[in-house]
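Overview (structure and organization)
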Amino acid sequence: MKKLLLLWVLSFNFSLAQTKDETEILKVMNDFMESIKTRNEAQYLSLFQEPVLWTGIYRDRTHAKRLEKNPKAEYYFADDYKAFIKSFKDEKSEEKFDNIKIIEDGAVASANFDYSFWYDGKMENWGKEIWTLMKINGAWKITSVTFSMDLTNYFPQPSLKERTKK
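Rules behind the numbers
One numbering rule holds for all chains: residues counted from 1, following each sequence as written. Given that this is a predicted model, residues contribute local features only at a pLDDT of at least 70 and side-chain atom pairs are listed and counted only at 80 or more, while totals for whole chains, interfaces and linings are drawn from all residues. Computation of side-chain values covers all heavy atoms of the structure but excludes hydrogens and water. Only DSSP runs of H or I with at least four residues qualify as helices, and only runs of E with at least two residues qualify as strands; both kinds are numbered from the N terminus onward. Categorising residues by exposure relies on relative accessible area from a 1.4 Å probe, with only protein chains included: less than 20% of the type maximum marks a residue as buried, more than 50% marks it as exposed, and the intermediate range marks it as partly exposed. The contact definition used throughout considers only heavy atoms, calling two residues in contact when any of these lie within 4.5 Å. A 1.4 Å probe and the Shrake-Rupley method give the accessible areas. Residues count as covered only by the protein chains that appear here. The pairing criterion for strands is at least two bridges between them, as found by DSSP. With axes taken as lines fitted to C-alpha atoms, and helix axes fitted only over the stretch in contact, angles between N-to-C directions fall between 0 and 180 degrees. You can read pLDDT as the predictor saying how much it trusts each residue, on a scale of 0 to 100. Note that the arc is defined by the directions from the helix axis to the C-beta atoms.

A few words now on the overall build of the protein. Looking only at helices and strands, the protein has six helices and six strands in total. Listing every helix and strand of the protein by position from the N terminus yields α-α-α-β-α-β-α-β-β-β-β-α. Within the protein, the fraction of its 166 residues that count as buried is 38%. Look at the contacts in the protein between residues 6 or more apart in sequence, and 59% of them connect residues 24 or more apart. For the protein, the accessible surface area stands at approximately 10,500 Å², while carbon and sulfur atoms represent 59% of it.

This part covers the sheet that holds strand 6 (residues 139-151). Strand order in the open sheet formed by six strands is 2-1-6-5-4-3, with mixed pairing between adjacent strands. The open sheet terminates on both sides in strands that have one partner only, identified here as strand 2 (76-78) and strand 3 (93-104). Neighbour-to-neighbour, the strand axes of this sheet turn through a mean angle of 20°, independent of strand direction. Sheet contacts for helix 2 (residues 20-38): strand 1 (48-58), strand 3, strand 4 (108-119), strand 5 (122-136) and strand 6; angle to strand 3, the most-contacted strand, approximately 165°. Against the sheet, helix 4 (residues 60-69) contacts strand 1, strand 5 and strand 6, and its axis sits at roughly 55° relative to strand 6.

Here the focus is the confidence of the model for the protein. Confidence in the prediction for the protein averages 90 pLDDT; 90% of positions are at 70 or higher. This model gives residues 1-14 a pLDDT under 50, and the stretch forms one contact once residues within four places in sequence are excluded.

Next up on the list: the side chain of D150. Tracing the sequence through the fold places D150 in strand 6. Every residue in contact with D150, bar those within four places of it in the chain, is listed here: R59, R61, T62, E124, N125, W126 and F155.

Taken together, the buried positions of helix 4 are occupied by T62, H63 and R66. Angular distribution of buried residues about the axis of helix 4 spans 100°; they occupy a single face of the element. Along helix 4, exposed side chains directed more than 90 degrees from the buried face belong to D60 and E68. If you follow the buried residues of helix 4, they end up packed against strand 1 and strand 6.

Bringing the side chain of T55 into the picture now. Summarising the element assignment, T55 is placed in strand 1. With residues up to four places along the chain from it excluded, the contact list for T55 reads F77, A78, V145, T146 and F147.

As a further point, take the environment of L47. Position of L47 relative to the elements: it lies in the loop between helix 3 (41-45) and strand 1. When its relative accessible area of 6% is taken as the criterion, L47 is described as buried. C-alpha of L47 to C-alpha of T143: the two residues are 96 residues apart in sequence and 9.1 Å apart in space. When residues no more than four places from it in sequence are discounted, the contact partners of L47 are V28, D31, F32, W140, K141 and I142.

In structure tokens form, the structure reads like this:
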């Protein structure tokens, strides 16, 4: 009971500190996660504003491991946000966000956070993700997604406590 009360107090205090736009951006983030989990392509596509830059890079240590297996492995890649949602064949994929930091001025925003990507209940990769967003006709839309990636078969994700200590 004490843990539940503490969680409620912490979430209540966090929600008081949020602006209306931060709350709306968090909803976009939640809709993104939910649309992957449920494979809701229409919902997912509605979160973006063309043109969308989608780029990822393997962290040095993961890239070194990948090069051991394939000397021609690419270091970074550009993809298409539409291809991302179409790549899911079943409802076993899930992306989770934590350690979220939002900066916004009512027109543009960045959302910086840690992510982990899961398939069939097992984490496959994780890293940092940065979105840029624009508020268009009163709605926040994602205009770019940039992320780093570590593969869990080489490097497990540290705990949130470890990732947030300075």
